[in-house]
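Next come the chains, spelled out residue by residue.
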Amino acid sequence: MTESSHRRKEDHSSVCLDIKDVVKRFPGLTAVDQVSVQIKEGEIFSLLGPSGCGKSTLLRLIAGLENQDSGDIRIGGELVNDLPPYKRDCSTVFQNHALFPLMTVTGNIGFGLVERRLSKSEIKKKVSEKVDLVDLGGMEDRRPDQLSGGQKQRVALARSLVLEPKILLLDEPLAALDRKLRKEMQVELKRIQREVGTTFLNVTHDQKEALSLSDRIAVMNEGKFLQIGTPDEIYETPRTVFVASFMGASNIFSGKVTSKRDGKIELETKQGSRIFAPAPEDVEDDEIAGVSVHPEMIRIEPLEENPQQFDAEKHTAFRGVIKEVFYQGNFSEITVLIKESDLPLAVFLTRGTGPEVQFSEGQDVIVSWESRRNNVLRK
Amino acid sequence: MRRKKDLTSKVLGGLSFFIYFFLWAPVIVIIVFSFSSNKYGVQWDGFTLKWYAALLANEAVKDALMRSLIVAGVTVIVSTIIGTMTGYGLYKLHFKGKQFLRTSIVLPIVFPSVVTGAALLVFFTRFIQIPLGYPSIIIAHIVFSTPLAVFVILGRMQRFDWSWEEAAMDLGATRIRTFMRVTGPTLFPAIAASALLIFPWSFDDFVITYFVAGIGSTTLPIYVFSQLRFGATPVLNTIGTLFVALTMAALVIMHFLQKKSESISA
């Protein structure tokens, strides 16, 4: 690691990208709705959300390819609202890589350097450094139509990184690659980012990608940020119903708060069940819409003659009937019908660490989990 | 089943051959007879190049040829430039009346050429004082050639990946630099193709040119028409061969440029 990238990695307190109250409207649609966030220097930040949530539009606003209706964008402290893309200190890696078809790999990577009027020898040096960084040695004279999808994406990455921008914007760069290649490229991306220390802003709809790649994530829907936090915060404690279901915490119980004491809230569901959950600090009772629990936190046992009784404050438990067992090899996903919920409960049973019991459809079971795992959701 | 298929393809093959023969026979006859020493150019009397020699000595033909080439040359350049700009604007900009402009651009080629020719003549003589001769011919040719350029270039732009332009600007190139380094070179085959399409379109035009040429300005097609009263002469065969050769050359070059442009759009 070079000295500057080492310094950048530790300098997390300085703000690289500052977005304040940005709004972008299209006819009939507000794509970006009062969005604010501060992205720190050196971090990998992901914008995560479903198609059409506004994440790509926000990226284009930062890059300067579109202009916002209101709000401020600052890159490295500099206000860029009125600057065209070629004057902003950021660079974009496009989803379809957008490599210039008539130029070779070196031509593509050196494109921006030519615009900066660097000398031929300097350009040559910088280009070859980046070719080594992205592992494309030997391909320098190839044209884009002679490269594979993964190689093209690496050229696009090198082309942007060689300009040493303050922030690198990635617009779903791995979406067009097949699954195996995508995983390899995720590892590559992280390695490259740690090596050069540039701030990465990554737009994706893939939760797993966001979780494994990012230092922080912003979950976005319908133009708004729903939650910003570290991957473990977003996954383990999703704030709203949308975030919970988008991140795969697929067991959601809706209900209203009926009482609150000792740092716990009591929720009453539509079907009349009482569920206890840890009371969150910064939420009013009437803002709470329900709780979620992750499938891997649920314990499943066959129903016995004298079933164990549970104290609802410590454990949430229900009787149910197995609807289906999906065997996935290293784990099984079991869906259980319980009368306390309209939707089946999803349970993950890990092979190896789980009990050695066979489960089958139609079996009576008890599902239980620690009530402290119940995660409170806002509307 | 197989035999039926064979029969069908044989019939289709025969039919195609007949159609092509029908289309090409007159042209081939003209080309062949341009080398015949027959005085009227209507049968084969022996090989000769003397009609081509006569052509080279014929001042009237040379004058007409020169005029046709100049008109076509200027038309190609101006129409291509206007056509490229129009295609660019129609594709990328959004303004009121855009749809109207886009559909009405086709009018000059849709109107019967007699109507266009007559209308232009009235326009040049009554409405604006444009001298009949080079100015009127060239303007008229630009009028009916530009739509062609617009279509070819617009068509190419539909397959153009505009993220190339965005990437170029994102990497630091201004709009002009982007056009010079990325858009221009990529569109070049299409621009060249439209130029090569316009050349025969203008060079071969008779009707509109006849209306607006005025006295003393003869293009090659007009010259050929004016020779009709003298009956068939071998010179007509040679001129005909000349037309075919020039047009074929233009189309062949255009074909290769199209192929090159297709390999780029991958």
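Rules of the game
Residues numbered from 1 in each chain as written. Chains lettered and ligands numbered in written order. Predicted model: local features only at pLDDT ≥ 70, side-chain atom pairs only at ≥ 80, totals over all residues. Helix = DSSP H or I, 4+ residues; strand = E, 2+ residues; numbered from the N terminus. Contact = placed C-beta atoms within 7 Å. Core = buried A, V, L, I, M, F, W, Y, C linked by C-beta atoms within 7 Å. Buried ≥ 20, exposed ≤ 12 C-beta atoms within 10 Å, placed from the backbone. Pairing = 2+ DSSP bridges. Axes fitted to C-alpha atoms, helices over the stretch in contact; angles between N-to-C directions. Parallel < 35°, antiparallel > 145°, perpendicular 65-115°, else oblique. Left-handed = near helix turned anticlockwise from the far one by under 90°. Nonpolar A, V, L, I, M, F, W, Y, C, P; charged D, E, K, R; others polar. Expected span 1.5 Å × (residues − 1). Arc of directions from axis to C-beta. Domains from an automatic or database assignment. Bend = angle between axes of the 7 residues up to and from the residue. pLDDT = per-residue confidence, 0-100.

Student: Break down the overall build of chain A for me, citing the residues and quoting the values.
Tutor: In terms of regular secondary structure, chain A is built from nine helices and 20 strands. In terms of overall dimensions, chain A has C-alpha extents of about 85 × 45 × 45 Å along its principal axes. In chain A, once contacts between residues fewer than 6 apart in sequence are set aside, the share between residues at least 24 apart is 66%.

Student: Which residues make up the interface of chain A and chain B, and what values go with them?
Tutor: Chain A puts 20 residues into the contact, and the matching count from chain B is 17 residues. For the side of chain A that touches chain B, the elements supplying multiple residues, two or more each, are strand 6 (90-93) and helix 3 (105-115) of chain A. Considering each element in turn, the side of chain A that touches chain B owes the most residues, three residues, to helix 3 of chain A.

Student: How would you explain the nonpolar core if you had to name every residue and give the values?
Tutor: Counting residues in each nonpolar core, the largest one holds 102 residues, and the members touching the most others are Ile62(A), Leu169(A), Leu201(A), Val219(A) and Val367(A). The residues touching Leu169(A), leaving out its near neighbours within four places in the chain, are Leu59(A), Ile62(A), Ala63(A), Cys90(A), Ser91(A), Thr92(A) and Leu201(A).

Student: Kindly report on the sheet that holds strand 5 (residues 78-79) of chain A, identifying the contributing residues and their values.
Tutor: Residue and element names in this part refer to chain A. Spatially, four strands are ordered 2-1-4-5 in an open sheet, and the strand pairing comes out antiparallel. A strand with exactly one partner marks an edge of an open sheet, and here the two such strands are strand 2 (29-40) and strand 5. When strand 4 (residues 70-75) meets strand 5, the two strands line up antiparallel, connected through two bridges. Bridge assignment links Ile75 to a residue of strand 5, and that residue is Glu78. Where helix 2 (residues 55-63) meets the sheet, it contacts strand 1 (15-26), strand 2 and strand 4, and its direction lies at approximately 65° from that of strand 2.

Student: Describe unusual backbone geometry, naming the residues involved and giving the relevant values.
Tutor: Residues and elements named next belong to chain A. The residue Gln34 is not glycine, and still its phi comes out positive at about 55°. One can find Gln34 in strand 2. By the C-beta count within 10 Å, which is 14 here, Gln34 ends up partly exposed. The residue Glu164 is not glycine, and still its phi comes out positive at about 45°. Locating Glu164 in the fold gives a position in the loop between helix 5 (149-161) and strand 7 (167-171).

Student: I'd like to hear about the packing of helix 5 of chain A against helix 6 (residues 179-196) of chain A, residue by residue, with values.
Tutor: The relative placement of two packed helices is expressed as an angle between their axes plus a distance between the axes. Residue and element names in this part refer to chain A. In the contact formed by helix 5 and helix 6, the axes pass within 11 Å of each other and the chain directions differ by 20°. Relative to helix 6, the element helix 5 is oriented roughly parallel. Crossing angle aside, the handedness with which helix 5 passes helix 6 is right-handed. Here Gly149, Gly150, Gln153, Leu157 and Leu161 of helix 5 lie close against helix 6, whose contacting residues are Leu181, Met185, Ile192 and Val196. When its residues are assigned to classes, the contact of helix 5 with helix 6 shows six nonpolar, three polar and no charged.

Student: How would you sum up the packing of helix 7 (residues 134-158) of chain B against helix 9 (residues 175-203) of chain B? Please name residues and give values.
Tutor: Residues and elements named next belong to chain B. One can describe the packing of helix 7 onto helix 9 by two numbers: an axis separation of 9 Å at closest approach and a directional angle of 150°. Taken together, the axis directions place helix 7 and helix 9 in an arrangement best described as roughly antiparallel. Note on packing geometry: the crossing formed by helix 7 with helix 9 is right-handed. The segment helix 7 lies against helix 9, with His141, Ser145, Leu148, Ala149, Val152, Ile153 and Arg156 engaging Leu187, Ala190, Ile191, Ala193, Ser194, Leu197, Ile198, Trp201 and Ser202. A breakdown of the residues in the contact of helix 7 with helix 9 according to their chemical character gives 11 nonpolar, four polar and one charged.

Student: How would you summarise helix 4 (residues 120-133) of chain A if you had to cite specific residues and measurements?
Tutor: All names here are of chain A. In a regular helix each residue adds 1.5 Å, so 14 residues correspond to 20 Å; helix 4 covers 20 Å between its end C-alpha atoms and thus fits that length. For helix 4, every residue scored as buried is listed here: Ile123, Val127, Lys130 and Val131. An end-on view of helix 4 places all buried positions within 105° of arc, on one side of the element. Facing away from the buried side of helix 4, by more than 90 degrees, are the exposed residues Ser121, Glu122, Lys125 and Asp132. Check the buried side of helix 4 and you find it contacts helix 3 and helix 5. Looking one or two residues beyond helix 4, the residue adopting positive phi is Asp135, at roughly 65°.

Student: Tell me about the environment of Glu172(A), and name the residues and values.
Tutor: Structurally, Glu172(A) can be placed in the loop between strand 7 and helix 6. Placed 31 residues apart in sequence, Glu172(A) and Val203(A) show a C-alpha to C-alpha distance of 5.2 Å.

Student: Give a detailed account of the sheet that holds strand 13 (residues 274-278) of chain A, specifying residues and quantitative values.
Tutor: All names here are of chain A. Strands sit in the order 13-12-11-14-20 across an open sheet of five strands; the sheet is antiparallel. If you trace the sheet from one side to the other, it starts and ends with strand 13 and strand 20 (375-378), each paired once. Strand after strand, the sheet turns through a mean of 45° between neighbouring axes, direction not considered. Judged from the four bridges that link them, strand 11 (residues 251-261) and strand 14 (residues 288-293) form a sheet pairing that is antiparallel. Within strand 14, the position partnered with Ser254 by the bridge is Gly290.

Student: Would you mind going over the pairing of strand 17 (residues 331-337) of chain A in detail, with residue names and values included?
Tutor: Residues and elements named next belong to chain A. For strand 16 (residues 315-327) and strand 17, the ladder comprises six bridges, and the chain directions are antiparallel. By the bridge assignment, Tyr327 is partnered in strand 17 with Ser332. Here strand 16 folds back onto strand 17 in antiparallel fashion, the turn holding three residues, of which Gly329 has a positive phi close to 95°. Inspection of the sheet shows strand 17 paired to strand 18 (residues 345-350) by six bridges, in the antiparallel sense. By the bridge assignment, Phe331 is partnered in strand 18 with Thr350.

Student: Can you tell me about the domain arrangement of chain A, naming the residues and giving the values?
Tutor: Residue and element names in this part refer to chain A. We note that the domain assignment places domain 1 (3-236), domain 2 (248-293) and domain 3 (295-369) within chain A. One C-alpha centre belongs to domain 2, the other to domain 3; they are set 21 Å apart. Each side of the interface is counted separately: domain 2 has 11 residues, and domain 3 has 12 residues. Looking at the side of domain 2 that touches domain 3, the elements that each hand over two or more residues are strand 11, strand 12 (264-269) and strand 13. Within the side of domain 2 that touches domain 3, the residues separate by chemical class into four nonpolar, five polar and two charged.

Student: Can you tell me about helix 9 of chain B, naming the residues and giving the values?
Tutor: Between its first and last C-alpha, helix 9 of chain B extends only 36 Å over 29 residues, short of the 42 Å set by a 1.5 Å rise per residue. A maximum bend of about 50° is found in helix 9 of chain B at Gly184(B), where proline Pro185(B) lies one to four positions downstream.

Student: Give a detailed account of the confidence of the model for chain B, specifying residues and quantitative values.
Tutor: Of the residues in chain B, 94% reach a pLDDT of 70 or more, and the chain-wide mean stands at 85. As a predicted assembly, this complex carries a pTM of 0.76 together with an ipTM value of 0.80.

Student: How would you explain the confidence of the model for chain A if you had to name every residue and give the values?
Tutor: Per-residue confidence for chain A gives a mean pLDDT of 88; residues scoring 70 or more make up 96%. When the criterion is pLDDT under 50, residues 1-12 of chain A qualifies, and its contacts beyond four places in sequence or with other chains add up to 16 contacts.

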